[in-house]
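Fold and geometry: a report
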Amino acid sequence: MKEKVIIAGCRFPGVLEEDLEKSLEELTALVHTVRGEVQERFIQARQKPDPATFIGKGKIEEINHAVEEEEADLIVFNDELSPGQIRNLDREIPVRVIDRTQLILDIFAGRAHTKEGKIQVELAQLSYLLPRLAGQGESFSRLGGGIGTRGPGETKLETDRRYLLKRMDDLKARLQEVKEQRENYRKQRRRNKAVQFALVGYTNAGKSTLLSSLSGAETFKENLLFATLDPLTRQTQLPSGYPVLLTDTVGFIRNLPTTLIAAFRSTLEEVKEADVLIHVVDASDPSADSHIDTVDKLLEELDAHTIPVITVFNKADQMNETYVTTGSKQPFIYMSARDETDVESLRHLMEQTLQKQMQYYKAKVPVEEGKAIADIQRLTMVNTEKMSDDNRFMIFTGFALVDHPVQGTLQQWKK
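Since this is a predicted model, take the numbers as computed values, not measurements. Counting restarts for each chain, with residues numbered from 1 along the sequence as it is written. Thresholds applied to this predicted model are a pLDDT of at least 70 for local features of residues and 80 or more for the giving and counting of side-chain atom pairs; totals over whole chains, interfaces and linings are not thresholded and use all residues. Water and hydrogen atoms play no part in the side-chain values, which are based on all heavy atoms of the structure.

To continue, consider the overall build of the protein chain. What counts as a helix is a DSSP run of H or I of at least four residues, what counts as a strand is a run of E of at least two, and both are numbered from the N terminus. Each helix and strand counted, the protein chain has 13 helices and 13 strands in total. Exposed residues in this analysis have more than 50% of their type's maximum accessible area, buried residues have under 20%, and partly exposed residues fall in between, with area computed by a 1.4 Å probe over protein chains only. Looking at the 415 residues of the protein chain, the share that counts as buried comes to 51%. Here the contacts in the protein chain between residues at least 6 apart in sequence split such that 68% fall between residues at least 24 apart. With the model as given, the accessible surface of the protein chain reaches about 20100 Å², and the carbon-plus-sulfur share is 46%. In this description, contact between two residues means that some pair of their heavy atoms is separated by no more than 4.5 Å. All accessible-area figures derive from a Shrake-Rupley calculation using a 1.4 Å probe, and residue coverage is judged against the displayed protein chains alone.

Structure, rendered in structure tokens:
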């Protein structure tokens, strides 16, 4: 059974009405993601938040009246509330009150499946909830039930603060172990000179669908925000047959809670290891421009903004009007991740983009040098491959990574 939800927000000076509307639409989508149903919404124009309750007493009375009328179960605020504001609102409003940050944490708690993901989510939850313990009763425990109550493990968060701090230290230590394992995996990948493309983008832009279309891997795909959380890496081939790794990453969102950014930094840093980023944009979304800006800012924060980018305007078949890309210096493509022809066009664009980071070569290898021939076929992007007229040599042209060990073989048999 769906919970009935009322959402509330404030419009402060300098905030455009259009931006607030987009933010509230996104909050509605977040509520839908946790199977809630928005019954009504309240917006109050204010110069600044009320220190005690964020909104004014008159608006609280309106909300209470709506709670009774709609038989609502939950109030979700569009902004992050202070511990004191949540306590005071809980006294004033007869149903549970949470904010946007806790709602996102709740979604992440339901989406994490890997060991690392679960540790990261629990750490983010505790970082957020620790200063909000006083007077909260069981609302942050699994015992509460309902949206916003997916507590970390079976811990009752109203218990001793020192216990929670110790739990956070334990989680950080476990996360460091996982981070070291991930770094070892990255080192192995670097030693093997595996080329990596990373899918980045706003949540629900279609990254998982694109990963599935490019690699053939089965992934969880649903029209919900943060449908997938744990990063997934699969191998695929470019049109030349050149093997590359393709990594799906957690979706971005505006005002992504700082506790999540901190906890998920080791996962998000997968982006920094990529040779090329594939920025997936939902071209059918009227907010596509602001989504692009949000992702660009987060990439800059992660120090990944210098990596070459291919912009994929996905869901182009659902566009109502032409999307403007005037002035874009990055390669881009309009496509549908479900269209095989479009996916093949993207493969070619990926290959062209990667070639710009590679070195052109010509090699003439004696046919008896089987290992050298196999290495060139496997470790370079072969353009042409033919036998010499006298059948004594294999003649190759193509592209190879500049710092790859195969360069030794290419130099030895350079034509």
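So that's the structure; there's more coming.
Right, let's talk about the confidence of the model for the protein chain for a bit. pLDDT measures how confident the predictor is about each residue, on a scale from 0 to 100. Looking at the protein chain as a whole, its pLDDT mean stands at 85, while 87% of the residues score no less than 70. Confidence, read as mean pLDDT per element, is least for helix 9 (residues 265-268) in the protein chain (68) and greatest for strand 3 (residues 74-77) (97). In this model residues 135-143 is a low-confidence stretch, pLDDT under 50, and it forms 22 contacts with partners more than four residues away in sequence or in other chains.

Further remarks concern the layout of surface pockets. Only protein atoms enter the 1 Å grid, on which a cavity is a set of points fitting a 1.4 Å probe that cannot get out and a pocket is an open set with protein on both sides within 12 Å along at least 5 of 7 lines, lining residues being those with an atom within 4 Å of a point. Grid points are joined across faces, edges and corners, and a volume is the space filled by probe spheres set on the points. What the second largest pocket holds in volume is close to 580 Å³. Where the lining of the second largest pocket is concerned, the elements lending two or more residues are helix 1 (17-33), helix 4 (100-111) and helix 10 (288-301). Among the elements that make up the lining of the second largest pocket, the one with the highest residue count is helix 10 (six residues). We call Asp, Glu, Lys and Arg charged. Ala, Val, Leu, Ile, Met, Phe, Trp, Tyr, Cys and Pro are nonpolar, and the rest, Gly among them, are polar. For the lining of the second largest pocket, the residue count by class is nine nonpolar, six polar and nine charged.

Glancing now at the pattern of salt bridges. Note on definitions: salt bridges are taken to be side-chain nitrogens of Lys or Arg within 4 Å of carboxyl oxygens of Asp or Glu. Under the criterion given, the structure shown has 13 salt bridges. Salt-bridge contacts for Glu 17 lead to Arg 11; the nearest nitrogen and oxygen are separated by 3.7 Å. Classification of Glu 17 by relative accessible area gives exposed; the value is 55%. A single network of salt bridges, built from pairs that share partners, joins Lys 371, Asp 375 and Arg 378.

A word on the sheet that holds strand 11 (residues 358-366). Through backbone hydrogen bonds, the strands of a sheet pair up, either in parallel or in antiparallel fashion. Pairing between strands is defined by DSSP: at least two bridges between the two strands are required. Judged by pairing direction, the sheet is antiparallel, and its three strands sit side by side in the order 11-13-12 without closing on themselves. Edge strands, defined here as strands with exactly one partner in the open sheet, are strand 11 and strand 12 (381-387). Ignoring strand direction, the axes of neighbouring strands in this sheet form an average angle of 15°. Both strand 11 and strand 13 (residues 393-401) contribute to a ladder of nine bridges, which runs antiparallel. Bridged to Ala 363 within strand 13 is Phe 396. Along the sheet face, helix 12 (residues 370-379) touches strand 11, strand 12 and strand 13 and points at about 155° away from the line of strand 11. Fitted lines through C-alpha atoms serve as axes, helices being fitted only where they are in contact, and the angles separating the N-to-C directions of these axes extend from 0 to 180 degrees.

Quick look at the sheet that holds strand 1 (residues 3-11) now. If you trace the four strands from one edge of the open sheet to the other, you get 2-1-3-4, paired in parallel fashion. Single-partner strands in this sheet number two, and they are strand 2 (36-45) and strand 4 (96-99). Going across the sheet, the axis of each strand differs from the next one's by a mean of 25°, ignoring polarity. Relative to strand 4, strand 3 runs parallel, the two sharing four bridges. What sits directly across from Leu 74, in strand 4, is Arg 96.

Our next topic: the environment of Ile 278. Of note, Ile 278 is situated in strand 8 (residues 276-282). Between the C-alpha atoms of Ile 278 and Val 200, which are 78 residues apart in sequence, the distance is 6.1 Å. Residues in contact with Ile 278, not counting those within four places in the same chain, are Phe 197, Ala 198, Leu 199, Val 200, Leu 210, Leu 246, Ile 310, Val 312 and Met 350.

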